[in-house]
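Here's the letter readout for the chains.
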Amino acid sequence: MTEKHVNPWLIAFAVMFATFMEVLDTTVVNVSLPHIASSLTATTDEATWALTSYLVANAIILPMTGWLASTFGRKRLLMWSTAGFTLASFLCGAAPNLASLVIFRIIQGATGGALQPLSQAVLLESFKPEERGRAMGFWGLGIVVAPIFGPVFGGWVTENYSWRWVFYINLPVGIVSLLMTQLYVFDPPYLRRESSGIDYWGMGMLIVGIGALQFVLDKGQQEDWFSSTMITTLSIVSAALIALIIHQLRSKEPIIDLHLFTDRSYSVGVFLMTVLGFVLYGSLVLLPIMLQTLFGYPSLEAGEAMAPRGIGSLFMMPIVGTLTAKVDARKLLALGLFIGGITMIWLGQLNLQAGYWDIFWPQLLQGAGMALLFVPLTTVSMATIAPQRMGYATSLFNLMRNIGGGIGIAMTGTMLARTRQANSALLGEHVSSLDPTTTTVLDQLKAGFMAAGADVVSATNQAYIALYGMIQRQAAMVSFVNIFRLLGMLFIVLIPLVLIMRRPKGSAGPAAAH
């Protein structure tokens, strides 16, 4: 609870403005990259550093948030972070060249890194246990819905105005959040500022380890993983995280509180949240690629085709938030895993003849499933955490979701590239000049090209090229649907883990009804 009696919903709006803005910025720039590259006379590959720099800086600060809040004060840190993020957004919008944009994106990522765990900790402490579900439903709107709508919003702003407005739009939001935080957010009495020494070794290992890991996840596929000396070197460097874990368990004043994992509900919750990040972000990247490469969607329309998932979450989040006080949150969590799994498998039934509505319905239901997953998972995981440790708990919780997302994006991208080649070779084995079906298709293609005015030799060559293209498209489609099915099965097999978690006190039991 806060020092002054403030309506918790005012606190919720105060912290959510900045958090939504920060989460939106993790995906909103993706669509704008070609425009940024051409505007700043750089290649699109070079422009991706605007993404990588942000993600690395963000990942480094995330796990340190609990320690920073206890050292400097939560309200002070929240205001510094919001002010820094808002200022960095303005500087990004005004960047004269790519080098300065990357520097400002590092500042933006570093100042924004604390916003997610801080806002979650503030919300969990501002609401009574039986109302936490509603609070997490509201918080989830920013965390789950923002990455889905980010590319759509970024594409629309870039097309109609300029990529610079993707950053400038943060200014009014940041200012409103600062004012509301100043007025309505207060540090709880138990969150005393600790002036003990700083664990420089722990901080150093954290910065190096997390920074290297995030870089590897972001650039690994592009650099062809371990065939790149840079990726191999940074993968070895990221092993500093093992030393960090040993050091933090022995430290009297740890930057990361790993003893939280002795709580079984929290441990299972963090693992499930990591998997949720893996599936959510992996599929968020996969589906637009499929729509653009196989179904011919322009990038903006591919982003818009993702909107049903956001609509499903937007609609269900408040409902699930209310239900968590009336129904055992673990049952809702199991249902969310089941719906999430089934809808992924549903997407795994698509073929090259699929229309818009074949993609719309599984996504809409999937969005509802994500709400059923996200809200109860957060509520159950944090139910047994002491208020004094909440900042540390939310830092790790958010870090693992982001790392899960990074691994999901990296693995699905790699699986897509590798399995597409294998499937192409496999399908190609069945295509032969001795096969009647093959010769029939080739003859039909050749006749079509000749009817369009090509001579016999040109028509024959074009027919072979067209047949090769058909094989490549089918091979890619098989790769996409297999990955969707795999992601779906991943959710289904995790359902039994929910039984290990304890029922939260604010969740439906006879006591909660009174």
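Not measured: the values here are computed from a predicted model. (Residues numbered from 1 in each chain as written. Predicted model: local features only at pLDDT ≥ 70, side-chain atom pairs only at ≥ 80, totals over all residues. Heavy atoms only, no water.)

> Can you walk me through the overall build of the protein chain in this structure?
Looking only at helices and strands, the protein chain features 22 helices and 0 strands. Relative to a compact globule of 514 residues, whose C-alpha radius of gyration would be 24 Å, the protein chain shows 25 Å and is just as compact. Oriented by its inertia axes, the alpha-carbon framework of the protein chain measures out at about 85 × 55 × 45 Å. In the protein chain, which comprises 514 residues, the proportion classed as buried is 54%. A separation threshold of at least 6 residues defines the contact pool for the protein chain, and within that pool the share at least 24 residues apart is 84%. Here the protein chain carries 29 positive and 26 negative side-chain charges, and the mean point of each set is 12 Å from the other. (Helix = DSSP H or I, 4+ residues; strand = E, 2+ residues; numbered from the N terminus. Rg over C-alpha atoms; globule rule 2.2 N^0.38 Å. Buried < 20%, exposed > 50% of the residue type's maximum accessible area, 1.4 Å probe, protein only. Contact = heavy atoms within 4.5 Å. Lys, Arg positive; Asp, Glu negative; His and termini not counted. Charge placed at Lys NZ, Arg CZ, Asp CG, Glu CD.)

> Which parts of the structure should I look at to understand the side chain of Ser 395?
Its location among the elements puts Ser 395 in helix α20 (residues 390–428). Separated by 2.8 Å, the side chain of Ser 395 and the backbone oxygen of Gly 391 make a polar contact. Contact partners of Ser 395, with chain neighbours within four places excluded, come to Leu 62, Pro 63, Thr 65, Gly 66 and Pro 117. (Polar contact = N/O pair within 3.5 Å; in protein donor to acceptor, adjacent residues only side chain to side chain.)

> So what exactly am I meant to see when it comes to the packing of aromatic side chains here?
Centre-to-centre distance and the angle between the planes together describe a pair of aromatic rings. Per the stated rule, a full pass over the model turns up 17 aromatic pairs. Pairwise contacts between aromatic rings join Trp 9, Phe 13, Phe 127 and Phe 138 into one cluster. (Phe/Tyr/Trp six-rings, centres within 6.5 Å; stacked < 30°, edge-to-face > 60°.)

> Teacher, can you tell me more about the nonpolar core here?
When a protein is soluble and globular, its nonpolar side chains tend to lie buried together. With 144 residues, the main nonpolar core has Leu 101, Tyr 266 and Met 290 as its most contacted residues. Here this core gets 17 residues from one element, more than from any other, and that element is helix α15 (residues 264–294). Dropping the residues within four chain positions of it, Met 290 is found in contact with Phe 295, Leu 350, Met 477, Phe 480 and Phe 484. (Core = buried A, V, L, I, M, F, W, Y, C linked by side-chain atoms within 4.5 Å.)

> Any chance you could explain the pattern of salt bridges here in plain terms?
Between side chains of opposite charge, pairing is possible as soon as their charged atoms come close. Counted under the stated rule, the structure contains 4 salt bridges. The closest approach of N and O atoms between Arg 502 and Asp 263, which form a salt bridge, is 3.8 Å. Residue Arg 502 is located in the segment after α22 (456–493), and its partner Asp 263 is located in the loop between α14 (240–250) and α15; the two are separated by 239 residues in the primary sequence. Judged by relative accessible area, Asp 263 falls into the buried class, the value being 13%. (Salt bridge = Lys/Arg side-chain N within 4 Å of Asp/Glu carboxyl O.)

> Mind showing me how you'd approach the packing of helix α8 (residues 115–126) against α20 here?
When two helices pack together, their arrangement is given by the angle between their axes and by how far apart the axes lie. Taken N-terminus to C-terminus, the directions of α8 and α20 make an angle of 135 degrees; their axes are 8 Å apart at the nearest point. Comparing the axis directions of α8 and α20 gives the class oblique. Relative to α20, the crossing made by α8 is right-handed. Facing α8, whose interface residues are Gln 116, Pro 117, Gln 120, Ala 121, Leu 124 and Glu 125, α20 presents Met 390, Gly 391, Thr 394, Ser 395, Phe 397, Asn 398, Arg 401 and Asn 402. Residue composition of the contact of α8 with α20, grouped by class: 5 nonpolar, 7 polar and 2 charged. (Axes fitted to C-alpha atoms, helices over the stretch in contact; angles between N-to-C directions. Parallel < 35°, antiparallel > 145°, perpendicular 65-115°, else oblique. Left-handed = near helix turned anticlockwise from the far one by under 90°. Nonpolar A, V, L, I, M, F, W, Y, C, P; charged D, E, K, R; others polar.)

> For this particular structure, what's the right way to read a nonpolar patch on the surface?
Together, Trp 346, Tyr 356, Trp 357, Trp 361 and Leu 365 line one region of the surface with nonpolar side chains, adding up to about 560 Å² of accessible area. Element by element, the count of residues in the nonpolar patch is highest for helix α19 (residues 356–382), at 4 residues. (Patch = residues over 30% accessible without salt bridge, like charges linked within 9 Å, V, L, I, M, F, W, Y side chains within 5 Å. Areas by Shrake-Rupley, 256 points an atom, 1.4 Å probe, with all protein chains shown as cover.)

> Please explain the environment of Asp 45 as it appears in this structure.
Looking at where Asp 45 falls in the secondary structure, it is placed in helix α3 (residues 44–47). Distance from Asp 45 to Ala 69, taken between C-alpha atoms, is 37 Å for residues 24 residues apart in sequence. The contact partners of Asp 45, leaving out residues within four places of it in the chain, are Lys 219 and Gln 222.

> For this particular structure, what's the right way to read the packing of helix α9 (residues 132–160) against α19?
For the pair α9 and α19, the least separation of the axes is 9 Å and the interaxial angle reads 125 degrees. Between α9 and α19, the crossing angle belongs to the class labelled oblique. The handedness of the crossing between α9 and α19 is right-handed. Two secondary-structure elements touch here, α9 through Arg 132, Gly 133, Met 136, Gly 137, Trp 139, Gly 140, Ile 143 and Val 144 and α19 through Met 370, Phe 374, Val 375, Thr 378, Thr 379 and Met 382.

> What should I look at first to understand the side chain of Thr 82 in this one?
The topology assignment puts Thr 82 in helix α6 (residues 74–93). One polar contact links the side chain of Thr 82 to the main-chain carbonyl oxygen of Leu 78, over a distance of 2.8 Å. Filtering out sequence-adjacent residues up to four positions away, Thr 82 remains in contact with Ala 18, Leu 115, Gly 174, Ser 177 and Leu 178.

> In this structure, what is going on with helix α17 (residues 307–323)? I would like to understand it.
Because each turn of an α-helix spans 3.6 residues, side chains separated by three or four positions end up pointing in the same direction. A rise of 1.5 Å per residue sets the reference length of α17, with its 17 residues, at 24 Å; its end C-alpha atoms lie 24 Å apart and thus fit the reference within 8%. Of all bends in α17, the biggest is about 35 degrees, found at Met 316, and the proline Pro 318 comes one to four residues later. (Expected span 1.5 Å × (residues − 1). Bend = angle between axes of the 7 residues up to and from the residue.)

> Can you help me understand the environment of Ala 18 in this one?
Here Ala 18 shows up in helix α1 (residues 8–27). When the C-alpha positions of Ala 18 and Gly 174 are compared, they lie 5.9 Å apart, and in sequence the two are 156 residues distant. Beyond its immediate chain neighbours, meaning those up to four positions away, Ala 18 contacts Thr 82, Leu 115 and Ser 177.

> What's the story with the confidence of the model for the protein chain in this structure? I'm lost.
Atom-level detail of predicted coordinates should not be read off regions where pLDDT is low. For the protein chain, the mean per-residue pLDDT works out to 82, and 95% of the residues sit at or above 70. Mean pLDDT values over the elements of the protein chain span from 73, in α3, up to 92, in helix α18 (residues 329–347). The model gives residues 508–514 a pLDDT under 50, and that stretch makes 10 contacts with residues more than four places away or in other chains. (pLDDT = per-residue confidence, 0-100.)

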